[in-house]
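Each chain, letter by letter, is given below.
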Amino acid sequence: MRWENLTVESGGHGRAADAALFGADAVTTRTFDTPEFRGITFHEIRARSIINRVPGASRMPFEWTVNPYRGCTHACVYCFARKTHSYLDLDTGLGFDSQIVVKVNAPDLLRRQLASPRWQGEHIAMGTNVDCYQRAEGRYRLMPGILTALRDRANPFSILTKGTLILRDLDLLTQAAEVADVGVSVSVGFTDTELWRTVEPGTPAPERRLDVVRTLGERGIGCGVLMAPVIPFLGDHPAQLRATVRAIARAGATSVTPLVLHLRPGAREWFMAWLGEHHPHLVRRYERLYAEGAYAPKWYQRRITRQVHELAAEYGIGPAHGGTARRIRPEETRPDASSAPSMTEPVQLSLI
């Protein structure tokens, strides 16, 4: 593979060498002969930066992210982050699912960056590129150190996940929520078991993810659900939407926010190949629906949003507001922001 875009030798590829994320000699490749990791290769690196700025043109409702992994063993066929693997000359299909980059120094690096006088204690979002609680986290255990660093600096953060492994860190989440704003969202786009097995083969079942919502709520950490993706012609029937929203409400979610499937380059090719194999009769319908680009037409997105919000109101939950984290503690418990300029870090790609 080629690492030029991210290594200290990257000066000739559009990035200054001092902005590199890791050194060319700092990559250790490992495989583990255990059932849960068979066929997966891990590339361990020592990152040079861990807090990433989201570009101003992004649709994201936050400015800073932390992503301890690249690639994802969840293997969701629609994952919008697949394109990011091409920047390392890694395959965006099976390679994205099985070639996982692990930033093994993420906790220590984050602690140092949070302590910098340039850092203003701004909100940090996690799980916005690939899932920080994917299967690899069970071995590498990066998140406890990351959460500890955020807790110790009383730094607000949010997590989006499909992984049940987040419950391992429930005590740390609870401690962090005592000193800062903490927001947790779980992604559940549908409850159809057959659809789940084919499009999200490496994830916990939807009902297990909803158990996470329920458990977090019982511990006083309100959890929203990102109902994503709503998959056209496969997961958007009114009865399917109703079943999903009903299950979300029963789990005690504080909010439900629908997001229709979008197909950016990298994800589009992989998803359409899957569609042609499993649902060939839908290929032409998808080509028409997504003829204008990565996103479904506005009329379709508005229809799905209206249906989900009406169902949510019926079941007693509402949409999320502006993507902000749920407030756990009063404003005065939050750390004072420094008046110094915010730190400058390598740019994080726009994700949604």
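Not measured: the values here are computed from a predicted model.

Peer 1: Where do I start with the pattern of salt bridges in this structure?
Peer 2: Any two side chains of opposite charge can pair if their charged atoms end up close together. Taken as a whole, this structure holds 14 salt bridges when the rule is applied. Close ionic contact of Asp 97 with Arg 82 constitutes a salt bridge, the shortest N to O distance being 2.9 Å. Taken together, the positions of Asp 97 in helix H2 (residues 94–98) and Arg 82 in the loop between strand S5 (69–70) and helix H1 (83–86) put the pair 15 residues apart, joining distant regions of the chain. Judged by its relative accessible area of 12%, Asp 97 is buried. For Arg 82, a relative accessible area of 0% puts it in the buried group.

Peer 1: I keep staring at the environment of Thr 215 and nothing clicks. Help me out?
Peer 2: Considering the arrangement of structural elements, one finds Thr 215 in helix H8 (residues 206–218). Overall, Thr 215 belongs to the partly exposed group, its relative accessible area being 24%. If sequence neighbours within four positions are ignored, Thr 215 has contacts with Leu 167 and Leu 170.

Peer 1: Looking at this model, I keep getting lost on the side chain of Thr 84. Mind explaining?
Peer 2: Topologically, Thr 84 is positioned in helix H1. In this structure the side chain of Thr 84 is engaged in a polar contact, spanning 2.6 Å, whose partner is the backbone oxygen of Ala 81.

Peer 1: Would you explain the packing of helix H3 (residues 106–115) against helix H5 (residues 143–152) in this entry?
Peer 2: Two quantities define a packed helix pair, namely the angle between the axes and the distance from one axis to the other. Contact pair H3 / H5: the axes reach a minimum separation of 8 Å and the direction vectors enclose 15 degrees. When the axes of H3 and H5 are compared, the pair comes out roughly parallel. The hand of the H3/H5 crossing is right-handed. Contacts between H3 and H5 pair Ala 106, Pro 107, Leu 110, Arg 111 and Leu 114 from the former with Gly 145, Ile 146, Thr 148, Ala 149, Leu 150 and Asp 152 from the latter. Among the residues forming the contact of H3 with H5, the class breakdown is 7 nonpolar, 2 polar and 2 charged.

Peer 1: What am I meant to see in the sheet that holds strand S9 (residues 182–187) here?
Peer 2: Strand-to-strand pairing in sheets goes through backbone hydrogen bonds, with the strands running parallel or antiparallel. Reading across from one edge, S3-S4-S7-S8-S9-S10-S11 is the order of the 7 strands in this open sheet, with mixed pairing throughout. Each edge of the sheet is formed by a strand with only one pairing partner; in this case those strands are strand S3 (51–53) and strand S11 (256–260). On average, adjacent strands in this sheet sit at an angle of 25 degrees to one another, irrespective of strand direction. Strand direction decides the pairing type here: S3 and strand S4 (residues 64–66), joined by 3 bridges, are antiparallel. Each bridged residue has a counterpart across the sheet, and for Asn 52 the counterpart in S4 is Thr 65.

Peer 1: What am I meant to see in the packing of aromatic side chains here?
Peer 2: Any two aromatic rings considered together are summarised by their centre-to-centre distance and by the angle between their planes. Across all of its chains, the model carries 11 aromatic pairs by this definition. With a centroid separation of 5.4 Å and an interplanar angle of 40 degrees, the aromatic rings of Phe 271 and Trp 274 are classed as tilted. Pair noted here: Phe 271 and Trp 274 are both in helix H10 (residues 267–278), with a separation of 3 residues, about one helical turn. Under the relative-accessibility criterion, Trp 274 is labelled buried at 7%.

What counts and what doesn't
Residues numbered from 1 in each chain as written. Predicted model: local features only at pLDDT ≥ 70, side-chain atom pairs only at ≥ 80, totals over all residues. Heavy atoms only, no water. Salt bridge = Lys/Arg side-chain N within 4 Å of Asp/Glu carboxyl O. Helix = DSSP H or I, 4+ residues; strand = E, 2+ residues; numbered from the N terminus. Buried < 20%, exposed > 50% of the residue type's maximum accessible area, 1.4 Å probe, protein only. Contact = heavy atoms within 4.5 Å. Polar contact = N/O pair within 3.5 Å; in protein donor to acceptor, adjacent residues only side chain to side chain. Axes fitted to C-alpha atoms, helices over the stretch in contact; angles between N-to-C directions. Parallel < 35°, antiparallel > 145°, perpendicular 65-115°, else oblique. Left-handed = near helix turned anticlockwise from the far one by under 90°. Nonpolar A, V, L, I, M, F, W, Y, C, P; charged D, E, K, R; others polar. Pairing = 2+ DSSP bridges. Phe/Tyr/Trp six-rings, centres within 6.5 Å; stacked < 30°, edge-to-face > 60°.

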